[in-house]
Each structure stands twice: as C-alpha cells, then as structure tokens.
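Fold and geometry: a report
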Amino acid sequence: MQWAILSGIEGNLAAYEAVLADIRRQRNPVTDLYIVGDLVGLKGDNEAVVRRVREPQPGEPIPQVCTGWWEEQCFSLHGFRGLPDAPELVERYGLGAVKDLWETVSRQTVQWLATLDFGFHELDCLLIHGSTVSYSDELTPETPPITLCDGLIRADANTLFCGRSGRAFECWIEPGALRSTVTTLDQTAAPQEQEKSPRRVVGVGNVGRVGQPAYVLYDPGADRVSFKQVQGSVAKGFGASKGLGYR
Amino acid sequence: MKLAVISCIHGNYEALDAVLCDIDNQKAEQIYCLGDLVGYGPYPNAVVEMIRSLDIPTCQGCWDEDIVEGLNACECSYPSQLAEKRGHLAHEWTNRVIHPEVREYLASLPMTLRQDNLCFVHGSPNSQHEYLLPTMDGFAALERVLAAEADVLFCGHTHVPYLRELENGTLSVRVQQPGQGETQRQFTAPLKRIVNAGSVGEPRHGRPNATYVLYDTDTTQVTLREVPYDYKKTCAAILEQGLPPIFAWRLERGMEFAERAEDAGHVCER
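Bear in mind that the values here come from a model prediction, so they are computed numbers and not experimental data. (Residues numbered from 1 in each chain as written. Chains lettered and ligands numbered in written order. Predicted model: local features only at pLDDT ≥ 70, side-chain atom pairs only at ≥ 80, totals over all residues.)

When its secondary structure is counted, chain A shows seven helices and 13 strands. In summary, chain A has a C-alpha radius of gyration of 20 Å against a globular reference of 18 Å for 247 residues, a match within 12%. By its C-alpha atoms, chain A is 65 × 45 × 30 Å across when sized along the principal axes. Counting over 247 residues, chain A shows a buried share of 47%. Across chain A, every contact between residues at least 6 apart in sequence was considered, and the portion connecting residues at least 24 apart equals 69%. (Helix = DSSP H or I, 4+ residues; strand = E, 2+ residues; numbered from the N terminus. Rg over C-alpha atoms; globule rule 2.2 N^0.38 Å. Buried ≥ 20, exposed ≤ 12 C-beta atoms within 10 Å, placed from the backbone. Contact = placed C-beta atoms within 7 Å.)

Right, dumping it as structure tokens:
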C-alpha cells in the first residue's frame, strides 16, 4: 500500500499531469490518491482540472478529494455556505479575483465541489487542507509547538497531512512532560503526568501554485513519508522526480 | 485585590441575589461575569438589569449570542439531541419575553475580558461553545491558556467549577524539510491555570447550590464557592412560566445528564 497525497493544484493542469506521470513511474505502486484541497485557483484552467480529477484514466487511482481554501471561496461566491461575497478572497486578492473565480468555475462545478468532504480519517492519519479548526489554518514548521500539538490532539490522529501552507515538511511533535492537578468542590485529585507518544504534522507541498510540482508519498506499512518534486519544465513534459524520503 | 468570577446565571435571579450577598460578605472588590445571563431560567430581564446596574464587566455567553443572533446561531452548540430539543424550547420562551434593551445589551458584550495576566471567556478563547472540561487533554488545555496569552484563564460553560493547574509543560519539535538539515526546537511553559467558575443559576455539580469562584491577585489563591439559596422558589417560577418542567427537576438536583458534552474538544466551526 502506498498513498500519494497532494494539494494546491489551483487549476494547473500541466502540473497535475506531471504529478500523475510521476505517480505512474513509482516502483512501489500508488494504491490511493488523496487531493487535500485547492483543485481550483485563480490562474489555471479550473474546469479542465476538475474534469481530469473526476474522470481518471484507466489504471489510475481514483482521486479522493477534500475541499480547500479556494473551494471555500467558490462556496462563498455562489452562496452555498460561509459568509456571502467571499470577503476573504477580496481581502487577499482584490475584487478582480472575484470576477476571475466566478468566470472560471461554473455553478455546476461548484455544486460538485460542495459534495466533497472536509477531510479524511484513514488509519491513524487525518488528511485535510488546513486543520480541524479551519480550512484556512496554515500549519508550518514555524507554527508554535503547542499549536501543532493541539492540532494533532483535535485531529485525533498520529499523523496530520495538510496542504494550506503549500510547503513540504515533516514536523515531529514530541511531548515531554506536563503535570496536571484538578481541584473540585469535593476534592483535590492527585497530580497526573500527561504522557504522549510522538506525533507529526506533514505539509504535502503544492502541485500548481509555485515552483516545481511537489507532493508526498506515504507508505503506511513502514510509516514512511517521502517528499517528491517533479523535475523539469512542466509545460514541456515530465521529467523524473527526485525522491527526498526520510523516516 | 480579591476578585469574584461568576458565570452561567441563566435567568435565575434568586441564585444571583444569593451569590452577590456572598461576594459582599467575602469582601471581593471586583466582579467579573462570564456570560449566559439568560436561557433556561424564569427571570432573564431581571438578571440582566441587576448585572447592568452593578456595572459588572461581562463577556458574551453562547445563550446570550443565540438570543441576539437568532435560534441556531450555532447549529452545533448542543452536546445531544435531547439537550437541543429542550434548549430550543427555552430559547423560544426567552426570545419572547426578553426586553429590546436587554437584547441590545447582550449584543454589545465582548467575547473576552482581560485584567493584567488574567483572561475571562465563556467557553474557551476559541469559541463560546467549546467545553473546557477538567478531563480535557492536558496539552490541549495548556494550548487554550497560551492562546489567551494569560497565566490564568477563567471560563464557565460546563456548569461545574474546578481549578486546573498545568505545570512543567515541555514539548520538542523536530523538523525535516526537503533539501534542508534537521532542526529542533524546545518549548517550555511556566505554570498555567484554568479556573472554571461553575454556574450561579444552573449548577451541575450534583447539588442545587449556586457556585462561583474567588481569586486573590496578590496571593493567586483560588477559592471555589458554593452558596445555598432558596432554589425551590426558582423551580416554582419555572413551572409558573410554562418552561419545561425538566428545568426545575434538574435545578433541584444540580445535574443534567442530557447536557454532558460527549466531545471535550468540540468547537463550533461556524
């Protein structure tokens, strides 16, 4: 069993094709393909990407897709959920972005996007765009350790795969010690030492936002994460990827 | 300076009156209120008027928010379907009897209050709907206090008072990024405390007495207070007003099985 986990295609069909080609080249076949949000974006061919994701070619793993920041902006624009008129989008990218997103993602596509999950619990992992707190939660290696630890506790997972930051990283959180003492009206309980085994947050990079397409391979049997970056010009074709795996 | 912190009055004027008398006897110099002035109980307007007349700094509770924003302001705020059904009945009644100026006052309440290294919230710094139960994971609890940028976080919402001390919190983080060497960070937290003020008007600690807390800013001593009052008067008023009799039943016993949060980490995603 091997998972490919990616995020941030943002309408970049060529980059997505490059990743799919790289996935096909893996010696250890990819059995599951997860896309943790941001299929669509501002610059690419959003409809083409959605079609490609919904209609995988024979032999390709069927993508399991959850929603991301850009999908939430579509829901807001089309009045599906959240605040109306995409204030987050306007604040970050200006009013022009509203027009672009409106024109490049059809209502029918938004309806399909609205059927997607918020995230996936699989084995002892949570795969999600931001975090369980919010789709816009951006976890990075610089996020305060206690916030990362809390994210894992909320996720109820040993590994949290996320994509919001667009960065590729593996961040092990190793709780040391914590003494907790609770006093109620009736008693003061004996202090308890809170213990926890190490857990991790994995940023899966981004496929189409910036730089070379990047994604993550995960072998659940070996509990091994490998970072993949697809080399070469995406516009011209697909070079071999360089594995950067470590345990 | 001695502070008194009260929460979750829920329209129970008798209980509020008794607690204010006790606070007076304890010679507290400042009172903070953590919200939920209305809901469940028969005297929402009188409770709000009392709080306003004493100029007590108050943050907004989930019930106060629901009265302002409309029913189901937060669709996921109830821990069970039974609790939701009863809550809706109480909401409809309160919504009907509340005075316009009371609604306006509830709308004006802040989510958070601060005094030096103390932070006051209804549920948690994240949400009025999050239950900080004493059994919550210690690191998650620590995160809430740190998120509030405080040494002592006062909260309510669970209706059961407690003091939780979190000491010697340490974490290490090991980061690997493609093309870069491994880096490590250490994190240590000094003593942090969560103080749950319990509930003045709808206690759930197993007895009908009102609860609140005292905090001495000089000694940092926390005292959980339990105040007997004539709860039968409130129970009778609940029945007289046509509110669900279960509210009187549970007030008499100081417990509510249907409203125990099943998910301590529950956070409204609205």
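That shown, we press on.
When helices and strands are tallied, chain B shows eight helices and 11 strands. For chain B, buried positions account for 50% of its 270 residues. Pairs at least 24 residues apart make up 75% of the contacts formed inside chain B by residues separated by at least 6 positions.

So, about the nonpolar core. Counting residues in each nonpolar core, the largest one holds 142 residues, and the members touching the most others are A:I5, B:V5 and B:F154. Among the elements that take part in this core, helix 1 (residues 13-24) of chain A stands out by supplying seven residues, more than any other. Once residues within four sequence positions are removed from consideration, B:V5 is found in contact with B:Y32, B:L34, B:F120, B:F154, B:V195, B:A197, B:Y212, B:V213 and B:Y215. (Core = buried A, V, L, I, M, F, W, Y, C linked by C-beta atoms within 7 Å.)

Residues and elements named next belong to chain B. The phi dihedral of K27 is positive, around 60 degrees, even though this residue is not glycine. The phi dihedral of H159 is positive, around 70 degrees, even though this residue is not glycine. Positionally, H159 belongs in the loop between strand 5 (152-155) and strand 6 (162-167).

Attention now goes to the sheet that holds strand 6 (residues 159-162) of chain A. Overall, mixed pairing links the seven strands, which are arranged 4(A)-5(A)-6(A)-10(A)-7(A)-7(B)-8(B) in an open sheet. The open sheet terminates on both sides in strands that have one partner only, identified here as strand 4 (119-122) of chain A together with strand 8 (183-189) of chain B. The mean angle between the axes of side-by-side strands here comes to 15 degrees, regardless of whether they run parallel or antiparallel. With four bridges connecting them, strand 6 of chain A and strand 10 (residues 199-204) of chain A associate as parallel partners. Considered in strand 10 of chain A, the bridge of A:L160 is made with A:V201. (Pairing = 2+ DSSP bridges. Axes fitted to C-alpha atoms, helices over the stretch in contact; angles between N-to-C directions.)

Attention now moves to the sheet that holds strand 6 of chain B. The sheet built from seven strands is open, its strands ordered 9(A)-8(A)-6(B)-9(B)-5(B)-4(B)-3(B) with mixed pairing. Only two strands of the sheet have a single partner each, and these edge strands are strand 9 (192-193) of chain A together with strand 3 (112-115) of chain B. Pairing geometry for strand 5 of chain B and strand 9 (residues 192-196) of chain B, over four bridges, is parallel. Residue pairing for strand 9 of chain B: B:L153 is matched across the bridge by B:I194.

Below, the discussion takes up the interface of chain A and chain B. Listed per partner, the contact involves 34 residues of chain A and 34 residues of chain B. A breakdown of the residues in the side of chain A that touches chain B according to their chemical character gives 20 nonpolar, eight polar and six charged. (Nonpolar A, V, L, I, M, F, W, Y, C, P; charged D, E, K, R; others polar.)

Here we take up the pairing of strand 10 of chain A. Residue and element names in this part refer to chain A. Burial within strand 10 is extensive, with six of its six residues counted as buried. Burial along strand 10 is two-sided: the face carrying R199, V201 and G203 and the face carrying R200, V202 and V204 are both buried. Relative to strand 10, strand 7 (residues 168-175) runs antiparallel, the two being bridged by six bridges. Paired with I173 across the strands is R199, a residue of strand 10.

This brings us to the confidence of the model for chain A. Averaged over all residues, the pLDDT of chain A equals 91, while 94% of them reach at least 70. Contacts of residues 235-247 of chain A to residues separated by more than four positions or lying in other chains number 30 contacts, the stretch itself having pLDDT below 50. (pLDDT = per-residue confidence, 0-100.)

Residues and elements named next belong to chain B. Mean pLDDT over chain B works out to 89, with 90% of the residues at or above the 70 mark. Long-range and interchain partners of residues 260-270, a stretch whose pLDDT sits below 50, account for 25 contacts in this model, where long-range means more than four residues apart. Among the scores for the predicted complex, ipTM is 0.90 and pTM is 0.85.

All names here are of chain A. Within the secondary structure, Y93 sits in helix 4 (residues 87-93). Using a count of 15 C-beta atoms within 10 Å as the deciding quantity, one classes Y93 as partly exposed. As for Y93 and G163, which are separated by 70 residues in sequence, their C-alpha atoms are 19 Å apart.

The subject of this paragraph is the packing of helix 3 (residues 62-69) of chain B against helix 5 (residues 100-107) of chain B. Residues and elements named next belong to chain B. Where helix 3 meets helix 5, the axes come as close as 9 Å, and the angle between the chain directions of the two elements is 120 degrees. Of the possible angle classes, the one that applies to helix 3 and helix 5 is oblique. As helix 3 packs across helix 5, the resulting crossing turns out to be left-handed. For the pair helix 3 and helix 5, contact is made by D64, I67 and V68 and by R103, L106 and A107, respectively. Tallied by class, residues from the contact of helix 3 with helix 5 come to four nonpolar, no polar and two charged. (Parallel < 35°, antiparallel > 145°, perpendicular 65-115°, else oblique. Left-handed = near helix turned anticlockwise from the far one by under 90°.)

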